Every structure is written in structure tokens, then in C-alpha cells.
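# Chains, contacts and geometry: an overview
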Protein chains: 2
Amino acid sequence: MSNNYCVIMAGGIGSRFWPLSTTRKPKQFLDILGIGRTLIQQTFDRFNKIIPAENIYIVTNELYKDIILEQLPELKDDQVLLEPAMRNTAPCIAYATYKIMSKNPAANFVVAPSDHLILKEDAFLATIKKGLDFTENSNNLMTLGIKPSRPETGYGYIQINEADNAESGVISKVKTFTEKPNLELANIFFESGEFLWNSGIFIWKGDTIKEAFQSFELEIDTTFSKGTPLYYTEKEADFVSEVYPSCKNISIDYGIMEKAKNVHVMAADVGWSDIGTWGSLHEHLERDGDGNGLTHANTLMYDAQDNIVNVQEGKVAVIQGLEGYIVVDTENALLICKKEEEQRIKQFVNDIKLGHGEDFV
Amino acid sequence: MSNNYCVIMAGGIGSRFWPLSTTRKPKQFLDILGIGRTLIQQTFDRFNKIIPAENIYIVTNELYKDIILEQLPELKDDQVLLEPAMRNTAPCIAYATYKIMSKNPAANFVVAPSDHLILKEDAFLATIKKGLDFTENSNNLMTLGIKPSRPETGYGYIQINEADNAESGVISKVKTFTEKPNLELANIFFESGEFLWNSGIFIWKGDTIKEAFQSFELEIDTTFSKGTPLYYTEKEADFVSEVYPSCKNISIDYGIMEKAKNVHVMAADVGWSDIGTWGSLHEHLERDGDGNGLTHANTLMYDAQDNIVNVQEGKVAVIQGLEGYIVVDTENALLICKKEEEQRIKQFVNDIKLGHGEDFV
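Residues numbered from 1 in each chain as written. Chains lettered and ligands numbered in written order. Predicted model: local features only at pLDDT ≥ 70, side-chain atom pairs only at ≥ 80, totals over all residues. Heavy atoms only, no water.

Turning our attention to the overall build of chain A. Tallying secondary structure elements over chain A gives 11 helices and 17 strands in all. Taken over C-alpha atoms, the radius of gyration comes to 21 Å for chain A, in line with the 21 Å a tight globule of 361 residues would show. With respect to the three principal axes, the spread of C-alpha positions in chain A is 60 × 50 × 35 Å. A burial count over chain A gives 56% of its 361 residues as buried. Considering only intrachain contacts with a sequence separation of at least 6, the fraction spanning at least 24 residues in chain A is 67%. As presented, chain A carries roughly 15,000 Å² of accessible surface, and 46% of it is formed by carbon and sulfur atoms. Positive and negative side-chain charges of chain A, numbering 34 and 52 respectively, have mean locations separated by a distance of 4 Å. (Helix = DSSP H or I, 4+ residues; strand = E, 2+ residues; numbered from the N terminus. Rg over C-alpha atoms; globule rule 2.2 N^0.38 Å. Buried < 20%, exposed > 50% of the residue type's maximum accessible area, 1.4 Å probe, protein only. Contact = heavy atoms within 4.5 Å. Areas by Shrake-Rupley, 256 points an atom, 1.4 Å probe, with all protein chains shown as cover. Lys, Arg positive; Asp, Glu negative; His and termini not counted. Charge placed at Lys NZ, Arg CZ, Asp CG, Glu CD.)

Here it is as C-alpha cells:
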């Protein structure tokens, strides 16, 4: 039996990719790149190359149980952990950790989001294996750090010691975590070479993260320890329904990583993107000669440049005279928006909720 | 029994309103203004105020039999004349005329397209009644002439005698017909005050148009005279299937009106539009404060001006940062096109036919 486990966090309900992504079917369940596998399927496929399927667990909102079992038929019900409420990453990780450790106390974990893109899979898997070896043999928490390619203000930054270096594969002690900086600070971070982006991919032994919960989030530890005799039984669901909603709503970064002293970061050059914006998606789509990223072939473009066009299957589209727009057509909604205004999509979604109800978002 | 009949021509298969209008469901069968009745229903309703339903006939392509009986349940099968092939207006009018006259030789007709807009209904109906009286009591062919509001190059023009005037309700002898002029000529016509637009709405007694066919299109007269014993019998359909495809493909304007000497025009100020372009539709849609014409309420506009937006029912749309565009969303297709480029829609439709087949057009 392998002691290596993967916990994929798949509870997010983002609205940035509306109307492609909706509450009923958020981004992780979409084939957003048009390559035949959804993001969560890609994430599963990737980890399954080094971790057996029976050791891969998904934590998600109750809403998405069916869609996960449909998209990942390799999983048994027991491997799909359902959150009865959204409580950020700390309770989500504790639930998965304590459940899996009730079966295998020697478990060693990689914890990852379900909706990120990894272009260099071999390098990624080598990095994860190296990380799992490191945490197997030491009581350290580890996070994967991405070498910044621009002064991005949308990510958290991790500072390493001056003496260390940020080359791929190097493991460093973390000096500080910084939440999303302003542009001035982001520029300083970027120039210094001492900062890495926080990828949200964590590696640690079960014992190590459990000790960290005991030190910094004792209530969460107490809550999920109580479940030990109930996990993998028919009583698990009732137990979780009872305790989960009263859990503290806190991220693992804020609750643990920023406080613990044994946090390390491994620099990783793995072609990582969180595909958090239409702009970043556009970079990863195949584009035509005019810079248009099209997700299927039934789209005819005339005098049109640098657009992202995503039209539902089975439909034809003609787009004339448009430059720099996002065009998304789904069964329930149509969005046409300038790329440079995409941060307003959240506002649009709220306006729709207010005016037209939840059915469209 | 009333001798007044209305023949509505509904066989057109235009592509200018694609994708709203398709071969399966052209413009006349659409509620293009979003008012709850399709254009052909509006046309029927209008004439039905002065002509009994049993005297209203539709001539259309075989393709549209079901849709007509569905949209106009007042009609009996006998009142829906099916063309087995498209042969322009002269054979279409001859078929309806000779059929109806086989039952009522004293029939007096108004012949009209099914897809025009009439804003001043009372004035229109008064005009039609006046015209029917005029043709009932004289052997004249009559057409309705619209006072030009701009030097339009898309319409035919009718010149009246200098002595006559172009005020509404005045009946004049026609001096010449001119097919679509170039802009220079259109400007001269417009300035002169002696020209009216040819609306394609005709009024005449059956005997009078029959004589005209005998004089100018004898072959068509011979063909449809032969059908006299067969109309309103089970043999009618076979007869029409046999003779129709070999009919001359010619318009009533070119075949008869431009040649006959007894042609009159009645100037009509009736709020007429053939809604032949998105631009002309835009003029007739209700618009928001930014000049956007929206056909339903589930459309949210941000920084958007002077667009025409037509999104399918049950769908929400968000449009940001667009100015002067046509946006049409249907089950099968999406069109985004600058208003000033709308004449290219025919080309787009051809490109789709070539690349993606007939299903989308």
C-alpha cells in the first residue's frame, strides 16, 4: 500500500468565467481549453501517474457530488468528500487529512486545486515526487512556489532567504508570506528575485499538518479528530453535516502556513497557470492568424482580431468587425465584453442575480 | 358574399435577417418586432378588419404549409396555395387569381407581401377600401405608392404625371416604372416630388388582371386557365405540381405593370416599411436611452450604444462596450456584425452553407 495520497480541492464557485462557468457547473468541471478533458479530469489524470487512483480524494461542495462521479468514474463514493457548506481551505484540508489518516496514519499528502493548468507535466510530477520524499522524511510543511514571470497583483508571494535561490527544484525555508500586493510592491518582489508565487499546492505528511492544526487551529483539530471512529462508515455524512457548518472559515495559508515555523517552499518551473482570468485563458488557447482564440471550429471570423470566442457545441457563429472582446455563448446566456473590462464580470453576474434570479448564474 | 379578396404572398426566403430568419422559418413567420404576433399574422389581422377570413388567401412555398396553418388557424387548407417551386410574383398571382375566380368571377383583389410593416393601420385600411372601390368600378390596375422619405436605392420608383400630385389618397396615372436607381438618380427622383416608392401592394379586379395576363403573359394565362375545372378539387395539387415548375420566372412588375397602359398609383401615407434591413428594423424597435433596440428584457447593456440585440427567449445577455452592432442569437447560430456591414450577411450565409451545410441557414 502506498502512503502517498492526493487531495484535490474542488469546491470553488467562481464567477469570473461566467457564463461558461456557473454555480451549477464551475470552471473545474469544464473543458475550458477545448481539449477533451475537463480541468478536474486533467488534474486527476496528472496525479494518477504517480499516485494510485484509490489514494486520490476530492473535497467538494455537496452540489458537485454527481458531476464528480460522472467525470471521474474511477473514484468510489468514499473518495469524494462533501462539504455541506463553504468554509475555505483549512477545514476542507483537515477533513480530508483526518479521514484518510483514520485508515492510514502514515499518509503523506499532496494537496492541490482542481482547476489549474500545468503545461510541463513531467517536470511537475518530478517536483511532486521530490516534495513527497522530502516531507516523508522530515517534519516540514511544504508549498510549491512558482517563479514570477510578471509583477502580478492577483497572487500571494512567498519570500525565501537571500542565501537560497529560486531555481527550479531548490527547496528553501520560507521567510514570509505576503497576501496579494499592490503593483508597487509586486514590482519590488518581481525585481528582487527573492519571491515566488504561492501556487496553492501543498505537500506534507499527515502527522506534520496535524501537529500544525493542534498548534494553530486547535478547534479544527478537535472537531475532525472526533470523527476518527466515524470516517468510512455510514455515520460519516451525519457527523460532517453536524460539525462542518460551525467550523471556522479560514484559509490554510492564513491559519497555518503564515504562522508555522517549519514551512518550506520548493521552486517549481512547471508551466503553471491558475487560469484565473479570460486573459490568462487566452494565452493558453490555440489562436488563429489574427490572434483569435476559438474553442471550436464552427466560428467564422471577418475583420476580427484578438478575441476569445467560446460558442456552445452544435452552433455556428459569425463574428465581424470585433477586436479585443470576450464572446461567450451558452445555453442560458450570452456575454460580449471587452477583454480589458473582464474584472467587471462579477458585477454583471450580481446584476443578473438581482434582476433575473439564480437560474442564469 | 363579399367580392373583395386578399392574396398574401408569403413565399420569400430571404437571408438578410439571418440568423433570425432561416430557410426553414423566414422573416414573415417571425415576431421580428417582439410584439407577440409574427409579420404574417399582423398582415392577416390587418386585412381581416375589412375582408372576411374566408376571402383571405396565402400563396407560399410548399415548405411553409404547416407553419402557416399553425400561425393562422383561421385558414382552411383551400386558402393556402402551395408553390412547388419559386417562380417570382407573376405566376404566384396568376395561380391565386384564376383559382379564386373559378369560384367567384366577380372577385376584386388586394395583393400584398406578408412581411411588411404598416404603422398607420386606419389610414392603410381606408386607402385599401378606396382602392378596391376604384378597381371595382373601373378596368384599371392599381399599385400603392409610398411618398419617399429619403433617396433610397433599394426600391423601385413610380413616376406620376406632373399635373398630378403625390399627396396621400390621390390616384394618378402612372407615367413610368423605374427599377432600383443608383444614388444620383434616386436623389433626382427624391427631389422632384414626382416619384413614389413601389410598395408591392396591388389592387385590381380579377377580370382586369386576367386581361393583362392575356395581353402580356399569354403563356401564364393559358397555363392557369386550364386549371379552372380543377381548383378546389383533389386534383388541384397534382395539376399545380405539373404546370408550376415550367412557368416563366417573372415578376408582376416586369411582366405586367411596366407594360400595361391602365396602371394607376394611389399615394399612401400609411407608415409603411418593408423592414428589408436590420437598419430599418432598428428604426421600428423600441430603443433604450442609449439607442439600443432590444427585443426582450433579459438583456443587460453596459457602455453600449446604438446596437440591435435579439437574443433567444429564456436566455440572458450581457453586452459591454459595443457600439453600432447587430447581435443576434438563436438556437443554431450567433451573429455579431457591425450595422454598417450588414450587406455582407448574405456572404456570411453563403460561407456557412459551403463550410457547414444547410442546417444553419
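Here the focus is the packing of aromatic side chains. Enumeration according to the criterion identifies 37 aromatic pairs over all chains in this entry. Ring centres 5.1 Å apart and planes at 55° place the aromatic pair Y157 of chain A and F189 of chain A in the tilted group. In this pair, Y157 of chain A sits in strand 7 (residues 157-160) while F189 of chain A sits in helix 5 (residues 183-192), placing the two residues 32 residues apart along the sequence. Between Y95 of chain B and F224 of chain B, the aromatic rings sit 6.0 Å apart at their centres with planes inclined by 20°, giving stacked as the arrangement. Here the residue Y95 of chain B occupies a position in helix 3 (residues 89-103), and F224 of chain B occupies one in helix 7 (residues 218-225), the gap between them amounting to 129 residues. Taking the relative accessible area as the measure of exposure, Y95 of chain B reaches 3% and is therefore buried. (Phe/Tyr/Trp six-rings, centres within 6.5 Å; stacked < 30°, edge-to-face > 60°.)

Okay, helix 8 (residues 236-243) of chain B next. Residues and elements named next belong to chain B. When helix 8 is considered as a whole, its buried residues turn out to be E236, F239, V240 and V243. All buried residues of helix 8 project into a common sector of 95° when viewed along the axis, lining one side. Of the exposed residues in helix 8, those oriented more than 90 degrees away from the buried face are A237, D238 and E242. Residues of helix 8 that are buried sit in contact with strand 3 (80-83), helix 3 and helix 7. (Arc of directions from axis to C-beta.)

Our next topic: the relation of the copies chain A and chain B. Superposition record for chain A on chain B: RMSD 0.1 Å, screw rotation 179°, translation along axis 0.0 Å. This pairing of chains is accounted for by a two-fold axis. Take the interface residues of chain A: 100% of them recur as interface residues in chain B, which is what a same-surface contact looks like. (Least-squares fit on C-alpha atoms with pLDDT ≥ 70 in both.)

On the surface, I13, L63 and M86 of chain A cluster together into a nonpolar patch covering about 270 Å² of accessible area. As for its placement among the helices and strands, I13 of chain A is situated in the loop between strand 1 (4-9) and helix 1 (39-48). (Patch = residues over 30% accessible without salt bridge, like charges linked within 9 Å, V, L, I, M, F, W, Y side chains within 5 Å. Salt bridge = Lys/Arg side-chain N within 4 Å of Asp/Glu carboxyl O.)

The next point concerns the interface of chain A and chain B. Contacts between the two partners involve 37 residues from chain A and, on the opposite side, 37 residues from chain B. By the criterion of area lost to chain B, the three top residues of chain A are Q320, L334 and I336 of chain A, representing 23% of everything that side buries. Run the count over chain A and chain B and you get 4 salt bridges. Applying the counting criterion to the chain A and chain B interface returns 24 residue pairs in polar contact (both at pLDDT 80 or more). The set of elements that each furnish at least two residues to the side of chain A that touches chain B consists of strand 13 (299-302), strand 15 (316-320), strand 16 (325-329), strand 17 (333-338) and helix 11 (345-356) of chain A. Here the side of chain A that touches chain B takes 6 residues from strand 17 of chain A, the largest share from any one element. Each residue belonging to the side of chain A that touches chain B can be placed in one class, and the counts come to 20 nonpolar, 9 polar and 8 charged. Sheet topology note: the strand 17 of chain A/strand 15 (residues 316-320) of chain B ladder contains 4 bridges and is parallel. Within the sheet, the bridge partner assigned to I336 of chain A lies in strand 15 of chain B and is I319 of chain B. (Buried area = accessible area lost by both parts, 1.4 Å probe. Polar contact = N/O pair within 3.5 Å; in protein donor to acceptor, adjacent residues only side chain to side chain. Nonpolar A, V, L, I, M, F, W, Y, C, P; charged D, E, K, R; others polar. Pairing = 2+ DSSP bridges.)

Glancing now at the pairing of strand 3 (residues 80-83) of chain A. Residues and elements named next belong to chain A. As judged from the 4 bridges shared by strand 2 (residues 56-61) and strand 3, these two strands associate in the parallel manner. Note that in strand 3 the partner of T60 across the bridge is L82. For the crossover from strand 2 across helix 2 (residues 65-71) to strand 3, the handedness is right-handed. (Right-handed = clockwise from strand over helix to strand, strands pointing away.)

A separate point is the packing of helix 6 (residues 206-216) of chain A against helix 7 (residues 218-226) of chain A. Residues and elements named next belong to chain A. Packing of helix 6 against helix 7 leaves a shortest axis separation of 5 Å and a crossing angle of 125°. Taken together, the axes of helix 6 and helix 7 lie oblique to each other. Two secondary-structure elements touch here, helix 6 through K210, F213, Q214 and F216 and helix 7 through L218, I220, D221 and S225. Counted by class, the contact of helix 6 with helix 7 contains 4 nonpolar, 2 polar and 2 charged residues. (Axes fitted to C-alpha atoms, helices over the stretch in contact; angles between N-to-C directions. Parallel < 35°, antiparallel > 145°, perpendicular 65-115°, else oblique.)

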